[in-house]
Amino acid sequence: MIVILYHSRHGSTAKIARVINSYLEGKAYLMDLEAIEYEKLDCATTIVLGMPIYNGKLDEEMVSFIKCNQPLLIPRHYSIYIVGLQASEFMSFVSAEFDYQLLKDVKVIAGLGGALYFPKLSLAERLSLSVFNKRYPIIPKAHDNTIYENFNNEEIEIFAKKIAHLEATSR
Ligand SMILES: Cc1cc2nc3c(=O)[nH]c(=O)nc-3n(C[C@H](O)[C@H](O)[C@H](O)COP(=O)(O)O)c2cc1C
């Protein structure tokens with residue numbers, strides 16, 4: 001069984017879990033880190049972890065889950081997907097949090113792009129986002145002010161196919 005465990009503040013990391021699952025023909029079990037089920041994780045053969053980037057850092061709770069649960073994760077061929085607007089730089093965020101000793105056991109790792117659902121953002125988030133966009137001008141000046149997405153659909157499909165292959169070879 002594949003479990004996709006994600007942590008999502010505004011829903012896009014959860015959405016990508018559902019997209020990955022659609023490539024896996026709905027065979028994965030989706031789990032929110034906020035409602036973790038350890039018995040289900042124990043039964044998994046493959047675990048996929050999804051986390052967003054906020055203010056230049058990977059999601060702290062998921063980072064700490066990964067660091068504290070290596071004996072659970074390593075035998076279950078675990079993989080990671082990162083959700084963030086700076087898709088091409090995702091490895092610099094990963095290597096800022098995890099050293100080689102930990103990363104050597106991760107089977108697949110990918111940066112899949114990110115999304116902003118503007119009506120969901122707090123005032124503080126909008127402010128910090130405008131500072132972010134001055135340093136890294138990713139969000140175009142003329143953009144839809146309800147939603148902006150730069151997901152890489154091709155990368156999502158490739159990632160899902162690698163997970164399907166991992167599961168097929170680990171059974
Ligand atoms: C306040 C704020 C800060 C952000 N900082 C970064 C960042 O430093 N780097 C990045 O790549 N994306 C950044 N993002 C984009 C998020 O990673 C992106 O919106 C992601 O899809 C959020 O995932 P979620 O919807 O699951 O919470 C930021 C978004 C917000 C709202």
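Coordinates for the structure precede this section.
A brief look at the structure comes next. Please read these numbers as outputs of a predicted model, since none were measured by experiment.

Bringing the site of the ligand into the picture now. Neighbouring the ligand are 23 residues, the closest being Ser 8, Ser 12, Ile 53, Tyr 54 and Ala 115. Between the ligand and Gly 11, the relevant distance is 3.3 Å, taken from an oxygen atom to a main-chain nitrogen or oxygen of the residue. Take Thr 13: an N or O atom from its side chain is 2.6 Å from an oxygen atom of the ligand. For the ligand, the accessible surface in isolation is 640 Å², of which the surrounding protein chains cover 99%. Assessed atom by atom at 2 Å from the grid points, the ligand resides in the largest pocket. Breaking the shell around the ligand down by element, the ones donating at least two residues are helix H1 (12–23), strand E3 (46–54), strand E7 (115–117) and helix H7 (123–135). The element contributing the most residues to the shell around the ligand is H7, with four residues. Classifying every residue of the shell around the ligand gives 10 nonpolar, 11 polar and two charged.

With five of its five residues buried, strand E1 (residues 2–6) lies for the most part within the structure. Of the two faces of E1, the one holding Ile 2, Ile 4 and Tyr 6 and the one holding Val 3 and Leu 5 are both buried throughout. Bridge analysis of E1 against E3 gives five bridges, and the strand direction is parallel. Opposite Tyr 6, over in E3, you have Gly 50 as the bridge partner.

So, on to the pattern of salt bridges. The tally for this structure, following the rule as stated, stands at seven salt bridges. Across the pair Glu 25 and Lys 27 runs a salt bridge, and its minimum N-O distance is 3.1 Å. The exposed category is assigned to Glu 25, whose relative accessible area is 63%. Ionic pairing is found between Lys 57 and Glu 60, a salt bridge with its closest N-O pair at 3.5 Å. Glu 60 sits in the exposed class, given a relative accessible area of 53%.

With that settled, the discussion passes to the layout of surface pockets. Roughly 420 Å³ of volume is contained in the largest pocket. Along the wall of the largest pocket there are 24 residues; nearest its centre are Ile 53, Tyr 54, Leu 85, Leu 116 and Leu 129. Contributions of two or more residues to the lining of the largest pocket are made by H1, E3, E7 and H7. Of the residues forming the lining of the largest pocket, the biggest block, four residues, is contributed by H7.

Moving on, we get to the packing of aromatic side chains. A complete count under the given rule lists three aromatic pairs for this structure. Relative to Tyr 136, the ring of Phe 132 has its centre 5.5 Å away and its plane inclined at 45°; by these criteria the two rings are tilted. For Phe 132, a relative accessible area of 19% translates into the label buried. Given the relative accessible area of 32%, Tyr 136 is considered partly exposed.

Attention now goes to the environment of Leu 129. Here Leu 129 shows up in helix H7. Leu 129 sits 49 residues away from Ile 80 along the chain, and the two C-alpha atoms are 24 Å apart. If we skip the residues at most four places from it in the chain, Leu 129 touches Leu 116, Phe 118, Leu 121 and Ile 139.

Time to look at the side chain of Asp 59. Tracing the sequence through the fold places Asp 59 in the loop between strand E4 (57–58) and helix H3 (60–68). Here Asp 59 occupies a buried position and makes no salt bridge, while the nearest side chain of opposite charge, Arg 9, is found at 6.0 Å. A distance of 2.9 Å separates the side chain of Asp 59 from the side chain of His 7, its partner in a polar contact. A distance of 3.4 Å separates a polar atom in the side chain of Asp 59 from the backbone nitrogen of Glu 61.

What counts and how
Residues numbered from 1 in each chain as written. Predicted model: local features only at pLDDT ≥ 70, side-chain atom pairs only at ≥ 80, totals over all residues. Heavy atoms only, no water. Near = heavy atom within 4 Å. Polar contact = N/O pair within 3.5 Å; in protein donor to acceptor, adjacent residues only side chain to side chain. Areas by Shrake-Rupley, 256 points an atom, 1.4 Å probe, with all protein chains shown as cover. 1 Å grid on protein atoms, 1.4 Å probe; cavity = no way out; pocket = protein on both sides within 12 Å on 5 of 7 lines; lining within 4 Å. Sits in = over half its atoms within 2 Å of the grid points. Helix = DSSP H or I, 4+ residues; strand = E, 2+ residues; numbered from the N terminus. Nonpolar A, V, L, I, M, F, W, Y, C, P; charged D, E, K, R; others polar. Buried < 20%, exposed > 50% of the residue type's maximum accessible area, 1.4 Å probe, protein only. Pairing = 2+ DSSP bridges. Salt bridge = Lys/Arg side-chain N within 4 Å of Asp/Glu carboxyl O. Points joined across faces, edges and corners; volume = space filled by probe spheres on them. Phe/Tyr/Trp six-rings, centres within 6.5 Å; stacked < 30°, edge-to-face > 60°. Contact = heavy atoms within 4.5 Å. Lys, Arg positive; Asp, Glu negative; His and termini not counted.

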